[in-house]
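Residues per chain are reported as follows:
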Amino acid sequence: MARTGLTVERLIQAAAEMADEVGFENVTVSALARRFGVKDASLYFHLRNARELRVQVAMLALQEMADAAADALAGRAGKDALVAFANAYRDYATRHPGRYAAAQLQLDRETAEASAARRHAEMTRAILRGYQLAEPDQTDAVRLLGSTFHGYVTLERAGGFRHTPRTTDATWSRTLDALDALLRNWPPQ
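Please read all numbers here as calculations on a predicted model, not as lab measurements. (Residues numbered from 1 in each chain as written. Predicted model: local features only at pLDDT ≥ 70, side-chain atom pairs only at ≥ 80, totals over all residues. Heavy atoms only, no water.)

Thoughts on the overall build of the protein
Line of reasoning, step 1. If you tally the helices and strands in the protein, you get 10 helices and zero strands.
Line of reasoning, step 2. Sequence-ordered secondary structure for the protein, helices as α and strands as β, is α-α-α-α-α-α-α-α-α-α.
Line of reasoning, step 3. Structurally, the protein occupies a C-alpha span of about 60 × 40 × 30 Å along its principal axes.
Line of reasoning, step 4. Scored against the burial criterion, the 189 residues of the protein give a buried share of 41%.
Line of reasoning, step 5. Taking contacts inside the protein between residues at least 6 apart in sequence as the whole, the part at least 24 apart equals 71%.
Line of reasoning, step 6. Carbon and sulfur atoms provide 52% of the accessible area of the protein, an area that totals close to 10,500 Å².
Line of reasoning, step 7. Here the protein contributes 24 positively and 23 negatively charged side chains, and the mean placements of these two sets differ by 3 Å. (Helix = DSSP H or I, 4+ residues; strand = E, 2+ residues; numbered from the N terminus. Buried < 20%, exposed > 50% of the residue type's maximum accessible area, 1.4 Å probe, protein only. Contact = heavy atoms within 4.5 Å. Areas by Shrake-Rupley, 256 points an atom, 1.4 Å probe, with all protein chains shown as cover. Lys, Arg positive; Asp, Glu negative; His and termini not counted. Charge placed at Lys NZ, Arg CZ, Asp CG, Glu CD.)

Here it is, written out as structure tokens:
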């Protein structure tokens, strides 16, 4: 029997909040049940298993990131779009570190295709069309941007840039300038 007040949506939202507080790796069915003051078995009425819980948090995070990026991109093109998109990505990772980690969860193909990951790729490709990049260069540029953004925010969050007095914001700005210059001058094959 379902415990009154427990819904899948409420459980996933609580798990996402927990991920931001204690880290995505510490989100478990047991920890979530403790948060609600119920036994683990009570949650299995709403969730099949721990993997489903983790996947649902990842799906939520991908959706939130896509919504934030779409809002940031509205009405922008070229470098302004690139900067807005990158800043939305970085801001989300900073505000929601556990959810950001969840968004990196490897999903099976069907789940990934049903997620907002497709929107991320479409928005990135829309930005790149402003730089007149066609295939296969566009795919290469999508991968470059994704790995640069992810690498930067991961190193920044881990304290990897603390060894110099230059602010991470200043370096981030220069990184985006460099990406814009590269995209405008993409090397021919």
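From this point, the discussion proceeds with the structure in view.
Let's talk about helix α8 (residues 117-129)
Line of reasoning, step 1. In this model, α8 (13 residues) spans 19 Å end to end at C-alpha, consistent with the 18 Å of a helix rising 1.5 Å per residue.
Line of reasoning, step 2. Turning to α8, its buried residues number three or more, namely His120, Met123, Thr124, Ile127 and Leu128. All buried residues of α8 lie within an arc of 140° about the axis, which places them on one face of the element.
Line of reasoning, step 3. Contact partners of the buried residues in α8: α4 (50-73), α5 (78-95), α9 (137-157) and α10 (168-184). (Expected span 1.5 Å × (residues − 1). Arc of directions from axis to C-beta.)

With respect to α5
Line of reasoning, step 1. Under the 1.5 Å per step criterion, the end-to-end length of α5 is 26 Å for 18 residues, consistent within 8% with the ideal 26 Å.
Line of reasoning, step 2. Among all positions of α5, only Ala81, Leu82, Ala84, Phe85, Ala86, Ala88, Tyr89, Arg90, Tyr92 and Ala93 are buried.
Line of reasoning, step 3. In this fold, the buried residues of α5 make contact with α4, α6 (97-103), α8, α9 and α10.

What about the nonpolar core?
Line of reasoning, step 1. One finds Leu32, Leu43, Leu53, Leu82, Phe149 and Leu183 to be the most contacted residues of the largest nonpolar core, which totals 57 residues.
Line of reasoning, step 2. Looking at this core, the elements that each hand over two or more residues are α1 (8-22), α2 (29-36), α4, α5, α6, α8, α9 and α10.
Line of reasoning, step 3. When residues of this core are assigned to their parent elements, the largest contribution, 10 residues, is made by α4.
Line of reasoning, step 4. Those residues in contact with Phe149 that sit more than four places away from it in its chain are Leu82, Phe85, Ala86, Tyr89, Trp172, Leu176 and Leu179. (Core = buried A, V, L, I, M, F, W, Y, C linked by side-chain atoms within 4.5 Å.)

A word on the pattern of salt bridges
Line of reasoning, step 1. For the structure on display, the rule yields 12 salt bridges.
Line of reasoning, step 2. Between Glu156 and Arg90 there is a salt bridge, with its nearest N and O atoms 2.6 Å apart. Residue Glu156 is found in helix α9, and its partner Arg90 is found in helix α5; the two are separated by 66 residues along the sequence.
Line of reasoning, step 3. By relative accessible area, which is 9% here, Arg90 ends up buried. (Salt bridge = Lys/Arg side-chain N within 4 Å of Asp/Glu carboxyl O.)

Things to note about the packing of α5 against α10
Line of reasoning, step 1. Where α5 contacts α10, the axes come no closer than 10 Å and their chain directions differ by 140°. Relative to α10, the element α5 is oriented oblique. Relative to α10, α5 is oriented so that their crossing is right-handed. For the pair α5 and α10, the contacting residues are Lys79, Leu82, Val83, Ala86, Asn87 and Arg90 in the first and Thr168, Asp169, Trp172, Leu176, Asp177, Leu179, Asp180 and Leu183 in the second. (Axes fitted to C-alpha atoms, helices over the stretch in contact; angles between N-to-C directions. Parallel < 35°, antiparallel > 145°, perpendicular 65-115°, else oblique. Left-handed = near helix turned anticlockwise from the far one by under 90°.)

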